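Examining the three-dimensional arrangement
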Amino acid sequence: MTETAQPQAAPQATTPLAEPAIGRTEFIALMAMMIATVAFSIDAMLPALPEITAELSADNPNRTQLLITSFVLGMGAGTLFVGPISDAFGRKPAVVGGAALYCFASLLAWAAPNLELVIAARVLQGLAASAARVVPMAITRDYFKGRGMARIVSFIMMVFTLVPAIAPLAGSVVIGFAGWRGLFAVLVGFVLISTLWLVLRVPEPLPRDRRTPFNARALWRNAGIVLAHPAVRISTLAQTLCLSVLFASISSIHQIFDVTYDRAESFPLWFAAIALLSGGFSLINAALVMRLGMRRLIRVAMVGMIALSLAVLGLGLVTGGAALPFWVYVVWQGGIFVHTAMTMGNLNAIALEPMGHLAGTATSVFSAAATMGSVVIAIPIGQAFNGTPLPLIIGALLAISLAFLSMAFMPEEERDA
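Residues numbered from 1 in each chain as written. Predicted model: local features only at pLDDT ≥ 70, side-chain atom pairs only at ≥ 80, totals over all residues. Heavy atoms only, no water.

- As recorded in an unreviewed UniProt entry, the chain goes by the name Multidrug MFS transporter, listed as coming from Roseovarius nubinhibens.
- The Subcellular location (unreviewed entry) field of the UniProt record for the chain holds the comment "Membrane". (UniProt positions renumbered as here; feature names shortened; annotations may be inferred.)

Shown next as structure tokens:
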């Protein structure tokens, strides 16, 4: 009987592989580019929303926010399956299959005659992009664990932030030459480059003797093993709440810049500055996590964001949402990105630490739950946009406060991680 056929026992952490054959620097760059497929697919679309609204949804501008959240919803659904697929058939086949589906969905969106079909294509595109989100984390767990993994993930996230920093500006350039539909052709090229890089440079990191057979019964059993661990459950809840804030703010950010502050033209530059700030804090997290631990850094980030949100909300209520100074909103939005940089990699590492050979399944289970749950929360927050950032700030404050409270229930052995 294989190790995965024992539902009574939690999976034991396996010994990581030797250092990646391509070296840490190239490994970090490749994993970051693969994960950046998600960021590029979302952030490059932001400057296209006004054009898409004018062409396909002029009667209801808020509806085009669904082009962001529909992608995230599809990605969440895909993460439930792509991890077990990578555990069963290997990391590289899962990535290649996802890339093929992503290219098909992108071409479908490029040819779509109405908003409904574009939204449907975005769901399918997100479903495919789940491979680029989940498999790099599983590959990283194949080589690293614990605080060492958290440090590598922080470096990956630091490099990863370069893509969202330039994505809106790149999207604006593409739109200027080829319209919003041209973005989907560029996305196809981006995915093909990262996939070929992986195929040509990285040996398969999951040997056959460490794979878990794929079947519905085993998936259900292994998901039960994963969710039976308290650290996974608490990390999933905290990620759900934190991601809801990130996705709500991203889906609303261009409208706030355009409608509230009349700064649509300078939006790509401001977004780049905010994203680079997040990258800097990913580097800080990488430097501190080995000394301070993951949970402590998560707690500091959450407390800081709660305090900032309370201060900005108080100022907004006094002055009126529309009169909230632009620089105050930019500082608050930058805080959201910093908060994400200081929490998500650490929460992922805490959840994966006890999972061992079920790293792919574990990543799928908690990522799917967190992503789809966050969309359920983010959509009403985004749709509440009333010309001011106050609904967004209120929603963020509530979500992060609940995430902070959930961390108090983290098991003792994970608290000092």
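Still more to cover.
1. Examining the packing of aromatic side chains
- As enumerated under the stated definition, the model contains 10 aromatic pairs in all.
- Aromatic side chains Phe 257 and Phe 326 sit 5.4 Å apart centroid to centroid with 90 degrees between the ring planes, which places their arrangement in the edge-to-face category. Taken together, the positions of Phe 257 in helix α10 (residues 230–260) and Phe 326 in helix α13 (residues 326–352) put the pair 69 residues apart, joining distant regions of the chain. Across the pair, exposure class does not vary: Phe 257 and Phe 326 are buried alike.
- Judged by centre distance (5.5 Å) and plane angle (50 degrees), the ring pair of Phe 267 and Phe 271 falls under tilted. Here the residue Phe 267 and the residue Phe 271 both occupy positions in helix α11 (residues 267–292), the gap between them amounting to four residues, near one helical turn.
- Residue Phe 267 is classed as buried on the basis of its relative accessible area of 0%.
- Judged by relative accessible area, which is 1%, Phe 271 ranks as buried.
- Pairwise contacts between aromatic rings join Phe 257, Tyr 261, Phe 267, Trp 270, Phe 271, Phe 326, Tyr 329 and Phe 337 into one cluster.
- Positioned above the aromatic ring of Phe 326, the side-chain terminus of Arg 263 is 4.0 Å from the ring centre. (Phe/Tyr/Trp six-rings, centres within 6.5 Å; stacked < 30°, edge-to-face > 60°. Helix = DSSP H or I, 4+ residues; strand = E, 2+ residues; numbered from the N terminus. Buried < 20%, exposed > 50% of the residue type's maximum accessible area, 1.4 Å probe, protein only. Lys NZ or Arg CZ within 6 Å of the ring centre and 35° of its normal.)

2. Quick look at helix α1 (residues 24–43)
- With 20 residues, α1 should cover 28 Å at 1.5 Å per step; its first-to-last C-alpha distance of 27 Å lies within 8% of that length.
- Taking the largest bend as the criterion, α1 deviates by roughly 35 degrees, centred on Ala 36.
- Taking burial as the measure, the 20 residues of α1 include 17 buried ones, the bulk of the element. (Expected span 1.5 Å × (residues − 1). Bend = angle between axes of the 7 residues up to and from the residue.)

3. Details of the side chain of Ser 106
- Note on placement: Ser 106 falls in helix α4 (residues 91–111).
- Apart from residues no more than four positions distant in its own chain, Ser 106 is found in contact with Gln 125, Phe 184, Leu 187 and Val 188. (Contact = heavy atoms within 4.5 Å.)

4. A look at unusual backbone geometry
- Positive phi, normally seen in glycine, also occurs at Asp 262, with a value near 55 degrees.
- Within the secondary structure, Asp 262 sits in the loop between α10 and α11.
- Overall, the relative accessible area of 66% leaves Asp 262 in the exposed class.

5. Structural notes on the packing of α4 against helix α5 (residues 115–143)
- Two numbers describe how α4 lies on α5: the axes approach to 8 Å, and their chain directions differ by 160 degrees. Of the possible angle classes, the one that applies to α4 and α5 is roughly antiparallel. In the crossing of α4 with α5, the sense of the turn from one axis to the other is left-handed. Judged by residue contacts, Arg 91, Ala 94, Val 95, Gly 98, Leu 101, Tyr 102, Phe 104, Ala 105, Ser 106, Leu 108 and Ala 109 of α4 engage Val 118, Ala 121, Leu 124, Gln 125, Leu 127, Ala 128, Ala 129, Ala 131, Val 135, Ala 138, Ile 139 and Asp 142 from α5. (Axes fitted to C-alpha atoms, helices over the stretch in contact; angles between N-to-C directions. Parallel < 35°, antiparallel > 145°, perpendicular 65-115°, else oblique. Left-handed = near helix turned anticlockwise from the far one by under 90°.)

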